[in-house]
Amino acid sequence: MVGLIGVIGFLSVTIHSIENQRRILKEDVIELSKVKYGIFSVDEWKKILANIISKKVEELNFTGENKASMRSKISTFLYKVIDEYERRYYEQNSTSISGLFKNLATQSLGAFKDIRKNVPHFTEEIMDFLNNPQNKKAIRAYIITKLNEYADNTFSKIDYADHDAILARHGFATREEAIQGLSMRIDDLTEQSKPYKVTILALALTMIAAVFLLRSLSKFDYVLLVTISLILLVTGLILPMIEIDARISRMQFTLLGESITFTDQVLYYKSKSILEVVWLMFRQSRVDVMIVGGLVLVFSVLFPLMKQMASLLYVFSSKLRANRLVRFMVFKTGKWSMADVMVIAIFMSYIGFSGIITEQLNQIQRIATSVEILTTNQSSLLTGFFFFTAFAIFSLAISQKIEGERS
């Protein structure tokens, strides 16, 4: 039995270590996947628009029907500009005697007529200019420069301190490489912890079965059983219990004839253990939140500890067996034995609202008409929840065994 406690303790410490590593990596991936670095990032949009502009400028190749159409548009534009300039020229010179002589001279010389005759030549020169690769490069650079200036003067800059720290810490050059590489490490850690989790839960179930199968247990056996239950409790309290993950898995739309796609854009993420949530609630200024935190602390931490300690006191001390509080904790809390799990369920609903998140994500999909959006709610139960539930069942088995031996 002592050896079994050692094995369970070793497995719990190992699982805790692996889960901590996994959690750190997951939080880094979540940070890099936030919408502020994707859909809501002005820098990302600058890259996208720069690529589109480069592609569109590169496509400026006037041949065949395209050349005839562009020639017509350029010529029309030049004629319009010349007509407008001619009108303004005559209007400006009509206010003075010298100006009237200028108008007469211009009309007699047919200056504007000569300019119009050269429109086809000007058109060809403009088309040759636009077809020149060097000129295309200059045009592209000019447009992109103006775009960047406009974006920098219009939108607020993004703080990349956390982003850059993550890349430097893990040795990745780009955000995309980091997300892919860290996700693979997370998958490896998940697979690595599975045997330990299955083993410790199997041992816990075996011990629960043994409690009911054995006719009587010694005081030492009860100490070992309570120790095992407390190991499960502590592990369940310090490991995250639930993961709330709402994201846009895929967002696709067309801009200037080009397909734009964003993937895995995290809208909201939260992963907390019971103790972390209690601490977080106590730090809030709202009374109702602090009350909920107090309830979680009482029913999920203090109540289970008191119940286990009362069981040991009842087994070891004949004097304390008559104590009302001890007897109440050991025998009268049977119908309350799953209250801690019930509180955790309330706690999960309180911080998660998984169904509401799913509904809100579905509304995003329904609102978007010209944009293809695929949203997902990747919320899930984590290791802490299963350890805490295993403790609750284990604790119930111990209480039932003590009551059975008393009768």
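Since we're looking at a predicted model, the values are computed, not measured.

**Student:** An account of unusual backbone geometry is requested, with residue identities and associated values reported.
**Tutor:** Positive phi, close to 50 degrees, is recorded for D264, a residue that is not glycine. Considering the arrangement of structural elements, one finds D264 in strand 2 (residues 258-272).

**Student:** Please set out a nonpolar patch on the surface residue by residue, giving values where relevant.
**Tutor:** On the surface, I97, F101 and L104 cluster together into a nonpolar patch covering about 370 Å² of accessible area. What makes L104 exposed here is its relative accessible area of 54%.

**Student:** Would you mind going over the layout of surface pockets in detail, with residue names and values included?
**Tutor:** Empty space within the largest pocket amounts to approximately 470 Å³. If you go around the largest pocket, you meet 24 residues; those closest to its centre are S33, I179, R247, T263 and D264. Elements that contribute at least two residues to the lining of the largest pocket include exactly helix 1 (2-32), helix 2 (42-58), helix 9 (175-213), strand 1 (242-255) and strand 2. At six residues, helix 9 tops the list of elements feeding residues into the lining of the largest pocket. Of the residues contributing to the lining of the largest pocket, the split by class is seven nonpolar, seven polar and ten charged.

**Student:** Break down the pattern of salt bridges for me, citing the residues and quoting the values.
**Tutor:** Counted by the stated rule, this structure contains 15 salt bridges. Among the salt bridges present, the one from K26 reaches E243, with a minimum N-O distance of 3.1 Å. Note that K26 is positioned in helix 1 and E243 in strand 1, a separation of 217 residues in sequence. For E243, a relative accessible area of 4% translates into the label buried. The salt bridge involving D83 is made with R116; its shortest N-O contact spans 2.6 Å. One end of the pair, D83, is in helix 3 (residues 64-93); the other, R116, is in helix 5 (residues 111-117), with 33 residues separating them in the sequence. What makes D83 partly exposed here is its relative accessible area of 38%. Residues joined by salt bridges that share partners form a network here, namely R23, E27 and E276.

**Student:** Any details on empty space enclosed by the protein? Residues and values, ideally.
**Tutor:** In this approach, a probe sized like a water molecule rolls over the atoms, and the result shows the empty space that is left. Under the defined criterion, the tally for this structure stands at one cavity of 30 Å³ or more. Roughly 70 Å³ of internal volume is contained in the largest cavity. Along the walls of the largest cavity sit E19, R22, R23, P240, E243, Y269, S271, L382, T383 and G384, which together make up its complete lining. Elements with a minimum of two residues in the lining of the largest cavity: helix 1, strand 2 and helix 16 (383-406). No other element matches helix 1, which puts three residues into the lining of the largest cavity. Class assignment for the residues of the lining of the largest cavity results in three nonpolar, three polar and four charged.

Criteria and thresholds
- Residues numbered from 1 in each chain as written.
- Predicted model: local features only at pLDDT ≥ 70, side-chain atom pairs only at ≥ 80, totals over all residues.
- Heavy atoms only, no water.
- Helix = DSSP H or I, 4+ residues; strand = E, 2+ residues; numbered from the N terminus.
- Patch = residues over 30% accessible without salt bridge, like charges linked within 9 Å, V, L, I, M, F, W, Y side chains within 5 Å.
- Areas by Shrake-Rupley, 256 points an atom, 1.4 Å probe, with all protein chains shown as cover.
- Salt bridge = Lys/Arg side-chain N within 4 Å of Asp/Glu carboxyl O.
- Buried < 20%, exposed > 50% of the residue type's maximum accessible area, 1.4 Å probe, protein only.
- 1 Å grid on protein atoms, 1.4 Å probe; cavity = no way out; pocket = protein on both sides within 12 Å on 5 of 7 lines; lining within 4 Å.
- Points joined across faces, edges and corners; volume = space filled by probe spheres on them.
- Nonpolar A, V, L, I, M, F, W, Y, C, P; charged D, E, K, R; others polar.

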